[in-house]
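This is what each chain is made of:
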Amino acid sequence: MRKDFYIFRHGQSSYNVEGRTQGQTNDSVLTDLGKEQALTVGERLKDKGVEIIVTSPLKRAMQTAELANKSLELPIETDNHFIEVNVGVVEGMHYTKIRDEYTDIFNKMHTPGNEFEDVCYPEGETRREVRERVFEGLELWANNPKYNTIAVSSHGIMLAQTLVALGQSQTDIKNGAILHIKKEEGKWSIVEWL
């Protein structure tokens, strides 16, 4: 049986504007533009047959799910599988400070693909670990007999690592971007970007 997933990145957040790394920091919230982007996500998903929205527990993702749901009126569930990468000691730091203090790790973490998939900031999580966690969650939802079409409100690195797992390399995921993937006959594949 085919299962469809529409994974979207949260709308623009306060930390996006400030140039600070978010990771699993939970005090970054949507800006006015981010709220508009979230409403647009809902409009774009209106005719896709989505049956449930699953969201990362972080505020920016939950706000995006709730605003997108104004057009969809679906149940919303949180799932820690789809939380953003844990960036350890650099949580909340400005990107310029991270570049200066952790230059080698910063450059490797921002290299597309999986060449440096086991690199992480001190006390953080590797991109390989993110990928494994995300696909564990996707498999759980794909095996849920109750739903065939699922929307996931999540984060940029989570989306980038989903792409890596599917043979693509992209690190710059725009706020409000929607990736449509499917699982069919036991295989995951990309359908399209919306």
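Described below are features of the structure shown in this document. Being a predicted model, the structure only gives us computed values, none of them experimental.

Parameters at a glance
- Residues numbered from 1 in each chain as written.
- Predicted model: local features only at pLDDT ≥ 70, side-chain atom pairs only at ≥ 80, totals over all residues.
- Heavy atoms only, no water.
- Helix = DSSP H or I, 4+ residues; strand = E, 2+ residues; numbered from the N terminus.
- Buried < 20%, exposed > 50% of the residue type's maximum accessible area, 1.4 Å probe, protein only.
- Contact = heavy atoms within 4.5 Å.
- Lys, Arg positive; Asp, Glu negative; His and termini not counted.
- Charge placed at Lys NZ, Arg CZ, Asp CG, Glu CD.
- Phe/Tyr/Trp six-rings, centres within 6.5 Å; stacked < 30°, edge-to-face > 60°.
- Pairing = 2+ DSSP bridges.
- Axes fitted to C-alpha atoms, helices over the stretch in contact; angles between N-to-C directions.

Per the secondary structure count, the chain includes 7 helices and 6 strands. When its helices and strands are written in sequence order, the chain yields β-α-α-β-α-β-α-α-α-β-α-β-β. Seen along its three principal axes, the alpha-carbon backbone of the chain occupies a region of about 45 × 40 × 25 Å. Here the chain, with 194 residues, has 52% of them falling under the buried criterion. Put simply, 68% of the contacts in the chain that link residues at least 6 apart link residues at least 24 apart. Looking at charge distribution, the chain has the averaged site of its 23 positive side-chain charges lying 3 Å from that of its 30 negative ones.

This part takes up the packing of aromatic side chains. Across all of its chains, the model carries 5 aromatic pairs by this definition. Taken together, a centroid distance of 5.4 Å and an interplanar angle of 55° make the contact between Phe5 and Trp188 tilted. A residue pair is termed long-range when its members are at least 10 positions apart, and Phe5 in strand β1 (residues 3-9) and Trp188 in strand β6 (residues 187-193) qualify at 183 residues. Exposure class is identical for Phe5 and Trp188. Each is buried. Ring centres of Tyr102 and Tyr121 lie 6.0 Å apart, and the angle between their planes is 85°; this geometry places the pair in the edge-to-face category. Here the residue Tyr102 occupies a position in the loop between α4 (95-101) and α5 (103-109), and Tyr121 occupies one in the loop between α5 and α6 (127-142), the gap between them amounting to 19 residues. Taking relative accessible area as the criterion, Tyr102 reaches 22% and is therefore assigned partly exposed. Among the aromatic side chains, those forming a connected cluster through ring pairs are Phe5, Phe135 and Trp188.

What follows concerns the sheet that holds strand β5 (residues 178-184). The 6 strands are arranged β3-β2-β4-β1-β5-β6 in an open sheet whose pairing can be described as mixed. Every interior strand has two partners, whereas the edge strands, β3 (76-78) and β6, have only one. Between one strand axis and the next, the sheet turns by 25° as a mean value, whatever way the strands run. Where β1 and β5 come together, 6 bridges link them in antiparallel fashion.

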